[in-house]
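Spelled out, the chains give:
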Amino acid sequence: MKNNAGMTLIVKTITRLTAGLILIYGIYIVLQGHLSPGGGFAGGVIIALCFVQLMLAFGKEEVLKKLSRKKCIFLAGLAALLFLLLALRGFLGSGNAAFKEGHFKLFSAGLIPFCDIAISILVGTGLFVIFLALVLLTEVEE
Amino acid sequence: MKTANIIPFFVIIPLASAFLITVFKNRPKNFSDFVVILATFSLLLLSLNSLQLLNSSKMIIYKIGGWLPPLGICLVVDGLAGFMLVTVNLTVFLVMVYAIRYMQLYTDKWKFHSLFMLMLAGMNGIIISGDLFNLYVFLEVASICAYALVAFGTEPEDLEAAFKYTIMGSLASLFILLGIGLIYCYVSTLNMADISFALSAKPNGALIGFVSVLFLAGFGLKAALVPFHAWLPDAHSSAPTPVSAVLSGVLIKTLGIYALSRVFFNILGISGNILLVLIVLGMLSMVAGAFLAIVQTDVKRMFAYSSISQIGYIIFAFGIGTPLAILGGLFHLFNHAIFKSLLFLNAGAIEYSTGRRDLRKLGGLGSKLPVTGATSLLGSMSISGIPPLSGFWSKLIIIIASVQAGYIGFAFIAVLVSIVTLAYYLKFQTFAFLGKVDETLTKIKEIPMTMKLSMVILAGICVVAGLMLVPLFRPILKSAADVLSSGTGYRYAVFEALK
Amino acid sequence: MSLYFLCLILFCVGLYCVLRKRNIIKIIIGLVIIEYAVNLFFILIGYRTHGRAPILSEDQVIQNMVDPLPQAMVLTTIVIGLAVTVVLVSLAIRIYEKYGTFDITKIKRLKG
């Protein structure tokens, strides 16, 4: 069955292979944020690019069924609230916050990996919503 | 719990309410209204509480993460910051009460509330920031929300005004950023008190002059001083009314005047040249704003030009430099926030009831809208400087200070501009409220209760604000003015409070 | 030293673009060029002679490193620039819907 939305068959086949790789690369950059260059914002941008590539290759109906606009806005707000709660945890006092291994290990640097994860979800869904709003030019249904 | 721990809540509360509104939107009906009123009221109480805490200690410092400056970032509340916090939060609370019913003219109220809370977080962050780059980040947060709020109505004129505002505003922010970069290049630190220490040790060369010009251009555009004022009439007249009230009432003062005075008086150190430039810019703004306001027929555009004129008064007062002049300037800043918001809310009430803003098509509304008429009369008389309302006292102090400093010609021009101000506000009153009722306007309805309530409270503050000069309340203004007149003494106060 | 002047020349190129071009999109591109110039200037400030990237790992001997603080500032500034660009582009799209043109000499309904 040939689906006419989106791009040609070659692009769809390659996208099925590479979209997962892009997502994993983005998550890797987020998780290593306290050890090497990267962190929340850069990883979030790459995650957003994964969604954008899926939308370009498969057409908007397919992707919007899985990840609709309302869900994205809700996730972005939730991630922002999570970031604020993490900051409040830091505000309330020091010691015993989170990861406490030594230097240069993956599970170190206290609350920073959690902050990176929250920022990456926020930036990823936020940039995807901006892409939807600018490119699709449809009104929000509420 | 230490007293300094309440300072971050000025930023935490509006941020949390903005994110909560984005998550819940409108699931419980009117949820965003409830959150916004709760948040702004608690911020008002917090700012009054911080003013009271400042009685015992001259300066409250919160070290983020426990790191001592200059290694860490600190949030500083001194006399000036406490005064500005009260001004901002009081005005925003009353405007939000007004906006409960007014924003039903637009769709998607939760988006408006969310953006507004983000803008409030940005403004509060600018006031309490103790670090130069932190000030820039909060300035950008507030500015971007303002750009989006001006375009909220999405009429063609709104979009054009917002585009103009965005381009000019972000250009100004890039000038400020270039200035911050050059300062960092020179002194390798970003903490305000530390920059002041380092600059006093190094020779004051051409770099500081260049940085001063960049800051003057950047912050001057945010404050709408005269060569940089072209965005203000379009933006303030095309925005929805609560946004115009807050933009004209507090945003240009926080982003422009407060940041300008903090950078110039406390960090870079003032010299005679900079004071002279401030006096000239203030004079130009006063005169140009007043004469451009007389010929306007659109109510909100006239108020926007009047804002330019009154900001000219404040900058002129800062330019004189004596402690009495700075006191007068700060008092006029508070007064202008109150009566300019009141006047914009009145214009919004007229628009809500009649649907139009053109002065030539209005008439005789005094009998139809009594509350609006009475409060706008109080507001107009106050801004023109009629005793015993509050505007009279602040203008009197500025003119006395300028005569004492020897600028008799400038004092004379200030009095003239005040008379011109009276002229165009009388024009507004006559055309809008007196005279006979237009035929098309016989069936307009009265404005809702919450809108009336906030206008009445603002008018009441207009009347009693003259009491701020009474010896019971004068320490508030005095400590704010002392921070600016002590100039670079700010750095000693910061390191004193850190011990 | 000449690198700093090149940054300022890039700034002036962007400024010329904002001031003299008539198409809205070209004005937006000019503003983005100015922002790139300021970010480049910031990173150039942090350079120390014979410095390497300011990342510490287990087997490194601490040598001369460049200043990491301007790099943190530039990260923040890039995000701010992204937000301003998004606002400008969405305004440009809506202006095209309402006015039908991108020419700023024809978008002049607000006068006085």
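Residues numbered from 1 in each chain as written. Chains lettered and ligands numbered in written order. Predicted model: local features only at pLDDT ≥ 70, side-chain atom pairs only at ≥ 80, totals over all residues.

Chemist: Quick rundown of the overall build of chain B? Include the residues and the values.
Modeler: The helix and strand inventory of chain B stands at 20 helices and two strands. At 22 Å, chain B has a C-alpha radius of gyration in line with the 23 Å of a compact globule built from 499 residues. The principal-axis extent of the C-alpha atoms belonging to chain B is close to 70 × 60 × 45 Å. Each of the 499 residues in chain B was classed as buried or not, and the buried ones make up 61%. (Helix = DSSP H or I, 4+ residues; strand = E, 2+ residues; numbered from the N terminus. Rg over C-alpha atoms; globule rule 2.2 N^0.38 Å. Buried ≥ 20, exposed ≤ 12 C-beta atoms within 10 Å, placed from the backbone.)

Chemist: Provide a residue-level description of the overall build of chain A, including the pertinent values.
Modeler: Across its full length, chain A holds five helices and zero strands. Counting from the amino terminus, chain A carries its helices and strands in the arrangement α-α-α-α-α. With the C-alpha coordinates of chain A rotated into their principal frame, the extents come out at 60 × 35 × 20 Å. Evaluated residue by residue, chain A yields a buried proportion of 31% over its 142 residues. Pairs at least 24 apart in sequence give 71% of the contacts found in chain A among residues at least 6 apart. (Contact = placed C-beta atoms within 7 Å.)

Chemist: Give a description of the nonpolar core that names residues and reports values.
Modeler: Core analysis: the largest hydrophobic core is formed by 253 residues, its most contacted members being B:Ala142, B:Leu149 and B:Val150. Per element, the largest residue contribution to this core is 18 residues, and it comes from helix α13 (residues 323-354) of chain B. (Core = buried A, V, L, I, M, F, W, Y, C linked by C-beta atoms within 7 Å.)

Chemist: Explain helix α4 (residues 109-128) of chain B residue by residue, including any values.
Modeler: Taking 1.5 Å as the rise per residue, α4(B) with 20 residues should run 28 Å; its terminal C-alpha atoms sit 29 Å apart, in good agreement. With 19 of 20 residues buried, α4(B) lies mostly within the body of the structure. (Expected span 1.5 Å × (residues − 1).)

Chemist: For the interface of chain C and chain B, give the residues involved together with the corresponding values.
Modeler: Listed as interface residues are 26 residues of chain C and, on the opposing side, 28 residues of chain B. Those elements giving two or more residues to the side of chain C that touches chain B turn out to be α2 (24-45) and α3 (69-99) of chain C. Across the side of chain C that touches chain B, the residue classes break down as 19 nonpolar, three polar and four charged. (Nonpolar A, V, L, I, M, F, W, Y, C, P; charged D, E, K, R; others polar.)

Chemist: Now, about the interface of chain C and chain A: what can you tell me, with residues and values included?
Modeler: Facing the nine residues of chain C at the interface are seven residues of chain A. Of the residues belonging to the side of chain C that touches chain A, the class tally is six nonpolar, two polar and one charged.

Chemist: Lay out the pairing of strand β2 (residues 74-77) of chain B with the relevant residues and their values.
Modeler: Residue and element names in this part refer to chain B. The two faces of β2 match: Cys74 and Val76 on one face and Leu75 and Val77 on the other face are all buried. In the sheet, strand β1 (residues 60-63) pairs with β2 via four bridges, with the strands oriented antiparallel. Within the sheet, the bridge partner assigned to Ile61 lies in β2 and is Val76. (Pairing = 2+ DSSP bridges.)

Chemist: Help me get a handle on unusual backbone geometry, residues and values and all.
Modeler: Residues and elements named next belong to chain B. Pro388 follows Pro387 through a cis peptide bond whose omega is -5°. Following the sequence through the fold, Pro388 ends up in the loop between α15 (370-384) and α16 (390-404). For Ser188, which is not glycine, the phi dihedral falls at a positive 60°. Among the structural elements, Ser188 can be located in the loop between α6 (156-187) and α7 (192-201). When the 14 C-beta atoms within 10 Å are taken as the criterion, Ser188 is described as partly exposed. The residue Ala224 is not glycine, and still its phi comes out positive at about 60°. Of note, Ala224 is situated in the loop between α8 (206-223) and α9 (232-238). Judged by local crowding, Ala224 falls into the buried class, with 27 C-beta atoms found within 10 Å.

Chemist: I'd like a description of the packing of helix α11 (residues 272-294) of chain B against helix α12 (residues 299-320) of chain B, backed by residues and values.
Modeler: Residue and element names in this part refer to chain B. The N-to-C vectors of α11 and α12 enclose an angle of 160°; their axes lie 7 Å apart at closest approach. Between α11 and α12, the angle is such that the two are roughly antiparallel. As for how α11 packs across α12, the hand of that crossing is left-handed. Grouping the constituent residues of the contact of α11 with α12 by class yields 18 nonpolar, seven polar and no charged. (Axes fitted to C-alpha atoms, helices over the stretch in contact; angles between N-to-C directions. Parallel < 35°, antiparallel > 145°, perpendicular 65-115°, else oblique. Left-handed = near helix turned anticlockwise from the far one by under 90°.)

Chemist: Run through the environment of B:Ala198, naming residues and quoting values.
Modeler: Residue and element names in this part refer to chain B. The topology assignment puts Ala198 in helix α7. Separated by ten residues in sequence, Ala198 and Ser188 have C-alpha atoms that sit 8.9 Å apart. When residues no more than four places from it in sequence are discounted, the contact partners of Ala198 are Val187 and Thr189.

Chemist: Pulling in residues and values, what's your account of the confidence of the model for chain B?
Modeler: Residue and element names in this part refer to chain B. Of all residues in chain B, 99% attain a pLDDT of 70 or more, and the chain-wide mean is 88. Per-element confidence in chain B is highest for helix α5 (residues 132-150), whose mean pLDDT is 94, and lowest for helix α14 (residues 365-368), whose mean pLDDT is 78. For this predicted complex, the interface confidence comes out at an ipTM of 0.95, alongside a pTM of 0.94. (pLDDT = per-residue confidence, 0-100.)

Chemist: Tell me about the packing of helix α1 (residues 9-31) of chain A against helix α2 (residues 40-58) of chain A, and please be specific about residues and values.
Modeler: Residues and elements named next belong to chain A. At a minimum axis distance of 8 Å, the contact between α1 and α2 shows a crossing angle of 170°. On the basis of their axis angle, the class for α1 and α2 is roughly antiparallel. When the axes of α1 and α2 are compared, the crossing they make is left-handed. Here α1 contributes Val11, Lys12, Thr15, Ala19, Ile22, Leu23, Tyr25, Gly26, Ile27, Ile29 and Val30 to the contact with α2, which in turn contributes Gly40, Ala42, Gly43, Ile46, Ile47, Leu49, Cys50, Gln53, Leu54, Ala57 and Phe58. Taken together, the residues of the contact of α1 with α2 break down into 16 nonpolar, five polar and one charged.

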